[in-house]
Amino acid sequence: MKQLTKAEEEIMQILWTLEYANVKDIIATIPEPKPAYNTVSTIVRILENKGFVDYKKQGKGHIYFPLIQKQDYSNQSINNIVDNYFQGSFKSMVSFFVKKNDLNLKEMESILKEIHKTKS
């Protein structure tokens, strides 16, 4: 699966939320200052070419929808971060975030509980 640019990912986040949308619907959810219609349309076509979205015709326009699930993209992105920045070690990644975010004991316990839930 290909990586997305920041702009592409922003549009995908909107499509994952809306599930189906035309370009005007996408623009409506973007905060000010809003991008030009042609800019969003171009990004959506790039996402289509990358295999992330598809469309169905509706009148003279298109309704776009995601082909890639958010969870699948999130998993792949996290794996890329771990591989590229932490030499493939989740332990190193967690250690980094613990040190940088100055987690307290309560937060660490909460994280450990979540880990144990997913292993069960």
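S.K.: Explanation requested: the overall build of the protein chain in the structure shown.
M.R.: The helix and strand tally for the protein chain stands at 6 helices and 2 strands. Written out in order from the N terminus, the α and β elements of the protein chain read α-α-α-β-β-α-α-α. For a compact globule of 120 residues, the expected C-alpha radius of gyration is about 14 Å, and the protein chain comes in at 18 Å, more than 25% above that figure. Along the first, second and third principal axes, the C-alpha set of the protein chain runs to 55 × 30 × 30 Å. Relative to its 120 residues, the protein chain shows a buried fraction of 25%. Excluding contacts between residues fewer than 6 apart, the proportion of contacts in the protein chain whose partners are at least 24 apart in sequence is 47%. Summing over all exposed atoms, the protein chain offers an accessible surface of approximately 8800 Å²; the carbon and sulfur share of this is 54%.

S.K.: How should I be thinking about the confidence of the model for the protein chain in this particular structure?
M.R.: Regions with low pLDDT carry predicted coordinates that are not meant to be interpreted in detail. The predicted model of the protein chain has a mean per-residue pLDDT of 91, with 98% of residues at 70 or higher. When pLDDT is averaged over each element of the protein chain, helix H2 (residues 23-29) comes out on top at 98 and helix H6 (residues 105-119) at the bottom at 80.

S.K.: Looking at this model, I keep getting lost on the packing of aromatic side chains. Mind explaining?
M.R.: How two aromatic rings sit relative to each other is given by the distance of their centres and the angle of their planes. Overall, the coordinates contain 5 aromatic pairs when judged by the stated rule. Measuring from centroid to centroid gives 5.5 Å for Tyr20 and Phe65, while their planes differ by 45°, and the two rings are tilted. A residue pair is termed long-range when its members are at least 10 positions apart, and Tyr20 in the loop between helix H1 (6-18) and H2 and Phe65 in strand S2 (residues 61-66) qualify at 45 residues. Here Tyr20 falls in the partly exposed class, since its relative accessible area comes to 46%. Geometrically, the ring pair formed by Phe86 and Phe96 is tilted, given 5.4 Å between the ring centres and 55° between the ring planes. One end of the pair, Phe86, is in the loop between helix H4 (70-85) and helix H5 (90-101); the other, Phe96, is in helix H5, and 10 residues separate them in sequence. Taken together, the ring pairs connect Trp16, Phe52 and Tyr73 into an aromatic cluster.

S.K.: I'm lost on H4 in this one. Help?
M.R.: One full turn of an α-helix is made of 3.6 residues, so residues set three or four places apart face in the same direction. Spanning 16 residues, H4 covers 22 Å between terminal C-alpha atoms, matching the ideal 22 Å at 1.5 Å per step. In this structure, the buried side of H4 is in contact with H1 and H5.

S.K.: Would you explain the pattern of salt bridges in this entry?
M.R.: In a structure, side chains of opposite charge can pair up when their charged atoms sit close to one another. All told, the structure shown has 2 salt bridges when counted by the stated rule. We note a salt bridge from Glu8 to Lys50, for which the minimum N-O separation is 2.7 Å. Of the two residues, Glu8 sits in helix H1 while Lys50 sits in the loop between helix H3 (37-49) and strand S1 (53-58), which places them 42 residues apart along the sequence. The class for Glu8 is buried, based on a relative accessible area of 6%.

What counts and what doesn't
- Residues numbered from 1 in each chain as written.
- Predicted model: local features only at pLDDT ≥ 70, side-chain atom pairs only at ≥ 80, totals over all residues.
- Heavy atoms only, no water.
- Helix = DSSP H or I, 4+ residues; strand = E, 2+ residues; numbered from the N terminus.
- Rg over C-alpha atoms; globule rule 2.2 N^0.38 Å.
- Buried < 20%, exposed > 50% of the residue type's maximum accessible area, 1.4 Å probe, protein only.
- Contact = heavy atoms within 4.5 Å.
- Areas by Shrake-Rupley, 256 points an atom, 1.4 Å probe, with all protein chains shown as cover.
- pLDDT = per-residue confidence, 0-100.
- Phe/Tyr/Trp six-rings, centres within 6.5 Å; stacked < 30°, edge-to-face > 60°.
- Expected span 1.5 Å × (residues − 1).
- Salt bridge = Lys/Arg side-chain N within 4 Å of Asp/Glu carboxyl O.

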